[in-house]
Amino acid sequence: MHREKLDCAGGALLSSYLIVLLLLLALIICTVSTIVCVSMKGTICNPGPRKSMSKLLYVRLALFLPEMVWASLGAAWIADGVRCDRTVGNGIIATVVVSWIIVVSTVVAIFIVFDPLGGSTAPCPAVGPHHLDSHESSQFLDGLRTAATSVWETRIKFLCCCVGTDDHTRVAFSSTAELFSTYFSDTDLVPSDIAAGLALLHQQQDSIRSSQEPDQVVSRPPGPSQEADLDAELENCHHYMQFAAAAYGWPLYVYRNPFTGLCRIGGDCCRSQTTDYDLVGGDQLNCHFGSILQTTGLQYRDFIHVSFHDKVYELPFLVALDHKKESVVVAVRGTMSLQDILTDLSAESEPLNLECEVQDCWAHKGISQAARYVYRRLINDGILSQAFSIAPEYRLVIVGHSLGAGAAALLAIMLRNPYPQVRCYAFSPPRGLLSKSLYEYSKTFIVSLVLGKDVIPRLSVTNLEDLKRRILRVIAHCNKPKYKILLHGCWYELFGGSPEDLPTELDGGDLTQPLLGEQSLLAHGSPAYSFSSDSPLESPTRYPPLYPPGRIIHLEEEGTSGRFSCYPAARYSVRWSHESEFSRILIGPKMLTDHMPDILMRALDRVVSDRATCISCPAQGGSGVDVA
């Protein structure tokens, strides 16, 4: 179309550049197409038909060299200031920029994904540790673990390069690397294998649920005291969820109010003066304060302290006087930054020194450190003393969502001795938080609220190990190509369908061994997975089983409302649940959205509204609070 416009100074050079680039791209497209065709052969556990894949990958890797050279030459020729038609010049610049984007993104992806220890951890009878004595075998495995942790730490530092390098951050990097190396180093799975396994698990899960008979679920109606207690706690959850949401500041407020949010808090964003209270935090504090006022409905004078200081193991929080409930409310923010994610992933356990008679006090390390930080601020800085000097008759209530819920629960346990009347409302808390004894101790003053299939209240190292075992099992039983599993899985997640005709087992009966044996999915000598065992895996010693805090209220959506249901129209059942009901991760399209604070607030609004309208008709209201 524009060939005649290359009749200019340097045009022949650019014409040659484009012709060679087209030929190079054609060769790359052919190579990638061949890779796609070969990768579609076989099954996850049967890589035999894909044995030529390594050679094709090396061919593609070799093509990066001329691609990078030609992209460099194109950049140099453009930099020389070739004077040709503007359309042609912009087209050449676009090809150069896109070429470099592809090259750089591929290099970064290889750096993050490539496992230099793959050959070392793969099963190899000639060098496997089973041919060594116990001392040499121990040294061999320890060396592999150390090397795997180092690889993961390098990846995490690269991805979180903007977080900082203080002592807490370095400890968090090490803890996170240890967690990932412990979880992934004994398997031979790639991300698409995991995605296929999750798709199969969801369909298998729905198939089992649909095959259950109604009389398999034994339930009994709640007593009057239980129902009254549930109503009271639901009303409290509905009220205090506003404070947990307010702790997120302006981002959540604008997300919940995309059209009017900025207009409502715009005046506070532009205001230069501060209030008379001690406001500690980073940038745009006034924007945060404006959204907090809008969310809670309180006044400036009702806030004792607002902090948006955010570092690893140090969470933002606010302290306010709630005159409606006559309480001093401490709200801790949930996960909203890379620093918070590192706090979440510091998942090993550490002991808690508490002034109580509870034995075996262990908790999630990262969340425990964050709770200690808030505790020191509240006590050492005199924040709680200031609050109770203003309202001495008020009681202490601590709330939070997600990571903030875990920190709030631990903070309530720490403050239980000086403030015996403390109450805590933990919204969507992580499961892997407290030891068994602390979980039992927390039932008297902590209430947790969980929505639907929310993955976080089911998330712990123990449950992740169980999920890994189930993924390995369902993959080993499946005889379909991975691309078919993923396509079917995407269709099922988006549009639903019948889970009965799913490829979760081989044709012809039960399978007692994987297609190519257990060794095709696991590194040699891995103790983490037993193909024939149905029991949950025991965690490593650094990750003992942990439990969620307090008594648990579970909101479940009634019926099958479809993948694209409108949340305000959804109806929910409400009941007290035992922690054992959250001892396994459930796969579904709402396992992530059910954790979002705005979705939880809508569900609470709906539940409280429905129960208020049905308060005079117990026969209808009782059906929603059956205790399984």
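Residues numbered from 1 in each chain as written. Predicted model: local features only at pLDDT ≥ 70, side-chain atom pairs only at ≥ 80, totals over all residues. Heavy atoms only, no water.

When its secondary structure is counted, the protein chain shows 20 helices and eleven strands. Counting the 628 residues in the protein chain, one finds 47% classified as buried. Pairs at least 24 residues apart make up 76% of the contacts formed inside the protein chain by residues separated by at least 6 positions. Of the roughly 30700 Å² of accessible surface on the protein chain, a fraction of 60% belongs to carbon and sulfur atoms. (Helix = DSSP H or I, 4+ residues; strand = E, 2+ residues; numbered from the N terminus. Buried < 20%, exposed > 50% of the residue type's maximum accessible area, 1.4 Å probe, protein only. Contact = heavy atoms within 4.5 Å. Areas by Shrake-Rupley, 256 points an atom, 1.4 Å probe, with all protein chains shown as cover.)

Residues of the protein chain with pLDDT of at least 70 account for 78%, and the chain-wide mean is 81. Predicted confidence is poor over residues 524–539, with pLDDT under 50, and the contacts of this stretch with residues over four places away or in other chains come to 40 contacts. (pLDDT = per-residue confidence, 0-100.)

The α-helix advances 3.6 residues per turn, and as a result positions three or four apart in sequence lie on the same side. Here helix 17 (residues 461–477) spans 24 Å end to end across 17 residues, near enough to the 24 Å set by a 1.5 Å rise per residue. Taking burial as the measure, the 17 residues of helix 17 include 16 buried ones, the bulk of the element. (Expected span 1.5 Å × (residues − 1).)

On to the environment of G249. With respect to the helices and strands, G249 occurs in the loop between helix 8 (224–246) and helix 9 (250–256). A relative accessible area of 2% places G249 in the buried class. Measuring from C-alpha to C-alpha, the distance between G249 and F308 comes to 8.6 Å, with 59 residues separating the pair along the chain. Not counting chain neighbours up to four residues away, the residues in contact with G249 comprise H288, S291 and F308.

Okay, the packing of helix 7 (residues 191–211) against helix 17 next. Where helix 7 contacts helix 17, the two axes come as close as 9 Å, and the packing angle between them is 90 degrees. Here helix 7 is positioned roughly perpendicular relative to helix 17, judged by the angle of their axes. Contacts between helix 7 and helix 17 involve D193, I194, G197, L198, L200, L201 and Q204 from the former and L467, R470, I471, V474 and I475 from the latter. (Axes fitted to C-alpha atoms, helices over the stretch in contact; angles between N-to-C directions. Parallel < 35°, antiparallel > 145°, perpendicular 65-115°, else oblique.)

Together, V32, V36, M40, Y483 and L487 make up a nonpolar patch on the protein surface, roughly 410 Å² of accessible area in all. For V36, the position within the fold is in helix 1 (residues 11–39). (Patch = residues over 30% accessible without salt bridge, like charges linked within 9 Å, V, L, I, M, F, W, Y side chains within 5 Å. Salt bridge = Lys/Arg side-chain N within 4 Å of Asp/Glu carboxyl O.)

Moving on, we come to the pairing of strand 10 (residues 551–557). Pairing between strand 9 (residues 446–451) and strand 10: five bridges, direction parallel. By the bridge assignment, S448 is partnered in strand 10 with I552. (Pairing = 2+ DSSP bridges.)

In this section: the state of the cysteines. In this structure the tally under the stated criterion is zero disulfides. Of all cysteine sulfurs, the one in C237 lies closest to C424, which takes part in no disulfide; the gap is 10.0 Å. Assessed through its relative accessible area of 0%, C424 is described here as buried. (Disulfide = S-S within 2.5 Å.)

Taken as a whole and assessed by the stated rule, the structure comprises 13 aromatic pairs. Ring geometry for Y183 and F184: centres 4.9 Å apart, planes at 90 degrees, overall edge-to-face. Of the aromatic side chains, those joined through ring pairs into one cluster are W152, F180, Y183 and F184. Above the ring of F64, the side-chain terminus of R60 is found at 4.1 Å from the ring centroid. It is R155 that lies over the ring of W152; its NZ or CZ is 4.6 Å from the centre. (Phe/Tyr/Trp six-rings, centres within 6.5 Å; stacked < 30°, edge-to-face > 60°. Lys NZ or Arg CZ within 6 Å of the ring centre and 35° of its normal.)

Positioned with a positive phi, Y313 is a non-glycine residue whose angle comes to about 65 degrees. The phi dihedral of S428 is positive, around 55 degrees, even though this residue is not glycine. Checked against the element boundaries, S428 lands in the loop between strand 8 (423–427) and helix 16 (436–442).

Counting residues in hydrophobic clusters, the biggest one holds 45 residues, and the most contacted among them are V328, L378, L384, L396 and I398. Mapped onto this core, the elements with two or more residues apiece are strand 3 (317–322), strand 4 (327–332), helix 13 (365–380), helix 14 (383–390), strand 7 (395–401) and helix 15 (403–414). Among the elements that take part in this core, helix 15 stands out by supplying nine residues, more than any other. One finds V306, V447, L555 and W576 within the second-largest nonpolar core, a separate group that totals 42 residues. (Core = buried A, V, L, I, M, F, W, Y, C linked by side-chain atoms within 4.5 Å.)

The next thing to look at is the pattern of salt bridges. One pass over the structure, following the stated rule, counts 27 salt bridges. Between D231 and R611 there is a salt bridge, with the nearest N and O atoms lying 2.4 Å from each other. Highlighted residues: D231 in helix 8 and R611 in helix 19 (residues 597–613), separated in sequence by 380 residues. Relative accessible area serves as the criterion here: at 33%, D231 is assigned to the partly exposed category. Taking relative accessible area as the criterion, R611 reaches 18% and is therefore assigned buried. E465 is the partner of K468 in a salt bridge, and the nearest nitrogen-oxygen pair spans 3.4 Å. One end of the pair, K468, and the other, E465, are both in helix 17, three residues apart, so they sit about a helical turn from each other.

Right, let's talk about the environment of L345 for a bit. Structurally, the position occupied by L345 is in helix 12 (residues 338–345). Through-space distance from the C-alpha of L345 to that of A177 is 9.0 Å; in sequence the pair is 168 residues apart. Not counting the four nearest positions on each side in its chain, L345 is found in contact with S175, T176, L179 and F180.

Before going further, it helps to examine helix 19. Counted at 1.5 Å a residue, the expected span for helix 19 with its 17 residues is 24 Å, and the 24 Å between its end C-alpha atoms agrees. For helix 19, the complete set of buried residues consists of P597, D598, I599, L600, M601, A603, L604, V607, D610 and R611.

Here we come to the packing of helix 2 (residues 53–79) against helix 3 (residues 86–113). Two packed helices can be described by the angle between their axes and the distance between those axes. Between helix 2 and helix 3, the least distance of the axes is 9 Å, while the angle of their chain directions is 140 degrees. Both helix 2 and helix 3 take part in a crossing whose hand is left-handed. Together, F64, E67, M68, A71, S72, G74, A75 and I78 of helix 2 and G89, I92, I93, V96, S99, W100, I102, V103 and T106 of helix 3 make up the contact between the two elements. Class assignment of the residues belonging to the contact of helix 2 with helix 3 gives a composition of eleven nonpolar, five polar and one charged. (Left-handed = near helix turned anticlockwise from the far one by under 90°. Nonpolar A, V, L, I, M, F, W, Y, C, P; charged D, E, K, R; others polar.)

For strand 11 (residues 572–577), the buried fraction is high: six of the six residues fall into the buried class. Residues Y572, V574 and W576 point to one face of strand 11 and S573, R575 and S577 to the other, with burial holding for every one of them. Pairing between strand 10 and strand 11: six bridges, direction antiparallel. Bridge assignment links H554 to a residue of strand 11, and that residue is R575.

Here C160 is to be found in the loop between helix 5 (134–159) and helix 6 (167–184). C160 gets classed as buried once you look at its relative accessible area, which sits at 9%. A C-alpha to C-alpha distance of 9.2 Å links C160 and L342, two positions 182 residues apart in sequence.

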